[in-house]
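# What the coordinates show
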Amino acid sequence: MAFDYKKMLKRELNVGLKDRQYRMIGGAVALLLSVFLGNIFLLLIGIVLVATALMRWCPVYSGLSKSTVDPNEPAPDSGSHSGTESH
């Protein structure tokens, strides 16, 4: 499996909801531990995990053409609803 640098730069949604939850929990734990232990490495790992969870995009997943997004899970809110339905 080759790593595709060009695809890595595209910001396509590739972190699913379960993956996002695990990243948030792991990142929060790493950040908390880094505060008490004074460990810079844990701080960096925690920041990366929380950031990728919030963006729902991982550059490594993009480069490897991997996605944990389930086709049945709801799309993220974009802030505006352009397609309104009338009942």
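Residues numbered from 1 in each chain as written. Predicted model: local features only at pLDDT ≥ 70, side-chain atom pairs only at ≥ 80, totals over all residues. Heavy atoms only, no water.

By the naming in an unreviewed UniProt entry, the protein chain is DUF2892 domain-containing protein, taken from Methylococcus capsulatus.

### Some words on the environment of Glu12
Which entries qualify depends on this criterion: Secondary structure elements follow DSSP: runs of H or I no shorter than four residues count as helices, runs of E no shorter than two count as strands, and numbering proceeds from the N terminus. Any pair of residues with heavy atoms lying within 4.5 Å of one another is described as a contacting pair.
The residue Glu12 is located in the loop between α1 (5–8) and α2 (17–37) in this model. When sequence neighbours within four positions are dropped, the list of residues in contact with Glu12 reads Lys7, Arg56 and Trp57.

### As for helix α3 (residues 40–55)
Our working rule: Expected helix span is computed as 1.5 Å times (number of residues minus one). Side-chain atoms alone can form a polar contact between residues adjacent in sequence; in general such a contact is a pair of N or O atoms within 3.5 Å, and within protein one must be able to donate a hydrogen while the other accepts it.
Under the 1.5 Å per step criterion, the end-to-end length of α3 is 23 Å for 16 residues, consistent within 8% with the ideal 22 Å. Of the surrounding elements, those touching the buried residues of α3 are α2. Of the residues that open α3, the one with a side-chain oxygen 3.0 Å from the backbone nitrogen of Phe41 is Asn39. Just beyond α3, the residue with positive phi is Arg56, at close to 55°.

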